Amino acid sequence: MPTSQLNGLEYLTAIKNGEISSSAMSEIIPMRLTLVRENYVEYEVRPDQRHYNLQGGIHGGFCATVLDSATGAAVHTTVDAGVSFSTIDLNVKMLKAMKSGETYTAIGEVIRIGRNVLTSEGRIVDKEGKVYAFGSATLLVTGRK
């Protein structure tokens, strides 16, 4: 089946299963889908030295990008084939410094799916479940085919 005919859940499941390629962003921000179900996703993320800020820590933009991806993917699991959307608001709070070379889990969960406005939340946690960053996103449906 052509990818344009897959609904969001089918599309993300195919990415997770390696049947279709992930976005090029996953080469810049190392992240891999590990769990996909309706209203929920998990990514494995691993910052490295490319993500350092001027002080030698992991740049806040890393967290923001990961959370934008996780919250967007959670919403993506709910949409029909041909529906496009875009983040219009992303709120991120960073609580603890991430470390280069460590593996984290980014979780995205749907809050509400309206006809045109979609909301979700996300968090980045370590193996013990400690939260390093969390956020929420508002997304807007931009097209239906």
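Along each chain, the written sequence defines residue order, and numbers are assigned to residues from 1. Confidence filtering applies because this is a predicted model: local features only for residues at pLDDT of at least 70, side-chain atom pairs given and counted only at 80 or more, and all residues used for totals across whole chains, interfaces and linings. Hydrogens and water are ignored here; the side-chain numbers use all heavy atoms of the structure.

Under an unreviewed UniProt entry, the name given to the chain is PaaI family thioesterase, and the organism recorded is Acinetobacter pseudolwoffii. UniProt positions are given in the numbering used here, feature names are shortened, and annotations may be inferred rather than shown by experiment. Of the chain, the UniProt comment under Sequence similarities (unreviewed entry) reads exactly: "Belongs to the thioesterase PaaI family."

So, the pairing of strand β1 (residues 31–37): which residues are in play, and what are the values?
For two strands to pair, DSSP has to find at least two bridges joining them. Counting from the N terminus, the helices are the DSSP runs of H or I reaching at least four residues and the strands are the DSSP runs of E reaching at least two. Strand direction decides the pairing type here: β1 and strand β2 (residues 40–45), joined by 6 bridges, are antiparallel. Each residue of the ladder has a partner; that of Arg37, found in β2, is Tyr40. What sits between β1 and β2 in their antiparallel hairpin is a turn of 2 residues, with Asn39 showing a positive phi close to 75 degrees.

Explain the pattern of salt bridges to me, using residue names and the numbers behind them.
What makes a salt bridge here is a side-chain nitrogen of Lys or Arg within 4 Å of a carboxyl oxygen of Asp or Glu, nothing more. If you walk through the whole model with that rule in mind, you get 3 salt bridges. Two residues, Arg32 and Glu44, come together in a salt bridge whose shortest N-O distance is 3.3 Å. Here Arg32 is found in strand β1, whereas its partner Glu44 is found in strand β2, with 12 residues between them in sequence. Of the residues examined, Glu44 reaches a relative accessible area of 33% and is grouped as partly exposed. Under the scheme applied here, a residue whose accessible area is under 20% of the maximum for its type counts as buried, over 50% as exposed, and between as partly exposed, the area being computed with a 1.4 Å probe on protein chains only.

Describe in detail the sheet that holds strand β5 (residues 117–125), supporting the description with residues and values.
With antiparallel pairing, the 6 strands of this open sheet are ordered in space as β1-β2-β4-β5-β6-β3. Because the sheet does not close on itself, it has two edges, and the strands there are β1 and β3 (83–94). The mean inter-strand angle of the sheet, taken between neighbouring strand axes irrespective of direction, is 20 degrees. Of the strands in this sheet, β1 and β2 touch helix α1 (residues 8–16), which is tilted by about 135 degrees from β1. Note on contacts: a residue pair qualifies if any of its non-hydrogen atoms lie within 4.5 Å across the two residues. Axis lines are fitted to C-alpha atoms, over the contacting stretch for helices. Their N-to-C directions set the angle, which ranges from 0 to 180 degrees. Against the sheet, helix α3 (residues 60–76) engages β1, β2, β3, β4 (104–113), β5 and β6 (131–144), with an angle of about 130 degrees to β5.

So, α1: which residues are in play, and what are the values?
Every buried residue of α1 is accounted for by Gly8, Leu12, Ala14 and Ile15. The arc that holds every buried residue of α1, seen down its axis, measures 155 degrees, which confines them to one face. At its buried positions, α1 is contacted by β1, β2 and α3. In the analysis that follows, any N or O atom pair within 3.5 Å is treated as a polar contact, provided that within protein one partner can donate a hydrogen and the other can accept it, and provided that, for residues neighboring in sequence, both atoms belong to side chains. Measuring from the side-chain oxygen of the N-cap residue of α1 to the backbone nitrogen of Leu9 gives 3.1 Å; that N-cap residue is Asn7. Backbone geometry just downstream of α1 places Gly18 in the positive-phi region, at approximately 75 degrees. This arc is built from the directions going out from the helix axis to the C-beta atoms.

Break down the UniProt feature "domain: Thioesterase" (unreviewed entry) in the chain for me, with residues and values.
Cross-referencing UniProt, the feature "domain: Thioesterase" (unreviewed entry) maps to residues 56–131 in the present numbering. Helix makes up 22% of residues 56–131 and strand 42%, and the two end C-alpha atoms of the span are 21 Å apart.

Tell me what's going on with the environment of Arg32, and back it up with residues and numbers.
For Arg32, a relative accessible area of 47% translates into the label partly exposed. Separated by 22 residues in the primary sequence, Arg32 and Glu10 have C-alpha atoms spaced 16 Å apart. Once you skip the residues sitting within four places of it in the chain, Arg32 turns out to touch Glu42, Tyr43 and Glu44.

I'd like to hear about the packing of aromatic side chains, residue by residue, with values.
Aromatic contacts are taken between Phe, Tyr and Trp rings whose centres are within 6.5 Å, Trp giving its six-membered ring; a plane angle under 30 degrees counts as stacked, one over 60 as edge-to-face, and the others as tilted. Counting across every chain of the model gives 1 aromatic pair. When the ring of Tyr104 is compared with that of Tyr132, the centres are 5.0 Å apart and the planes differ by 65 degrees; the resulting orientation is edge-to-face. Taken together, the residues Tyr104 in strand β4 and Tyr132 in strand β6 connect sequence positions 28 residues apart. For the residue pair Tyr104 and Tyr132, the accessibility class agrees, reading buried in each case. Here the basic side chain of Arg37 rests over the ring of Tyr40, its NZ or CZ set 4.1 Å away from the ring centre. Comment: the charge-over-ring label is applied if NZ (Lys) or CZ (Arg) is within 6 Å of the ring centre and within 35 degrees of the ring normal.

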